[in-house]
Amino acid sequence: SLLTDTEQKLNKQVEMEGKSSAYYLSMASWAEMQGFSNSARFLYDHAEEERGHMLKLFRYINEAGGHAVQPEITNIRHNFNSLREVFELILEHEIEVTKSINLIVDHCFGVKDFATFSFMQWYVTEQREEETLARRALEIFEIIGEEGIGLWTIDQELGKLHATT
Ligand code: OFO
């Protein structure tokens, strides 16, 4: 079964994924209000994905003999200065998530919890993809430029971004 500190770290990660989901949902609402309907769709879908990340961990904790805890979700930002800022914040956020995942993986290896170590590999791969997606989104802003119909075109392109998991 899970060591207490492993269980705590996994529950912290449950909280982080829950916050990610809420953060993306908040961004989706803002984007929709601003008329960026394609970006909004992407962000709504991503909020669902993050909930999936949370549940996958949640279920694992209980299956491994621990107690998964429904996290408190507070301090979610609701307003943003621009669509570009939203995607800059996403990249920053995903980098933080990657760091957090890596710390758990490192911990599991250290305490020889190879089952959890192995389970966490899915998240390692996922974070690789999430960061790539966020960087690609920012490249779209760079390539197209925001002047004139640029922002409209950017929104079209952002709507075509796809996560693979
Ligand atoms: Fe965005 O991958 Fe989970 O948090």
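Residues numbered from 1 in each chain as written. Predicted model: local features only at pLDDT ≥ 70, side-chain atom pairs only at ≥ 80, totals over all residues.

Among all positions in helix H5 (residues 150-158), only Ile154, Asp155 and Leu158 are buried. Buried positions in H5, seen along its axis, are confined to an arc of 100° and lie on one side of it. Check the buried side of H5 and you find it contacts helix H2 (37-63) and helix H4 (114-144). (Buried ≥ 20, exposed ≤ 12 C-beta atoms within 10 Å, placed from the backbone. Helix = DSSP H or I, 4+ residues; strand = E, 2+ residues; numbered from the N terminus. Arc of directions from axis to C-beta. Contact = placed C-beta atoms within 7 Å.)

This next bit is on the environment of arginine 41. Locating arginine 41 in the fold gives a position in helix H2. By C-beta crowding, arginine 41 is classed as partly exposed, having 16 other C-beta atoms within 10 Å. Counting along the chain gives 38 residues from arginine 41 to asparagine 79, while the straight-line C-alpha distance between them is 17 Å.

Moving on, we get to the packing of helix H1 (residues 4-33) against helix H3 (residues 83-110). Where H1 meets H3, the closest approach of the two axes is 11 Å, and the angle between their N-to-C directions is 170°. It follows from the interaxial angle that H1 and H3 lie roughly antiparallel. Touching Thr6, Lys9, Gln13, Met16, Ser20, Tyr23, Met27 and Ala31 of H1 are Leu83, Val86, His93, Val97, Ser100, Ile104, His107 and Cys108, all from H3. Considered class by class, the residues forming the contact of H1 with H3 number nine nonpolar, six polar and one charged. (Axes fitted to C-alpha atoms, helices over the stretch in contact; angles between N-to-C directions. Parallel < 35°, antiparallel > 145°, perpendicular 65-115°, else oblique. Nonpolar A, V, L, I, M, F, W, Y, C, P; charged D, E, K, R; others polar.)

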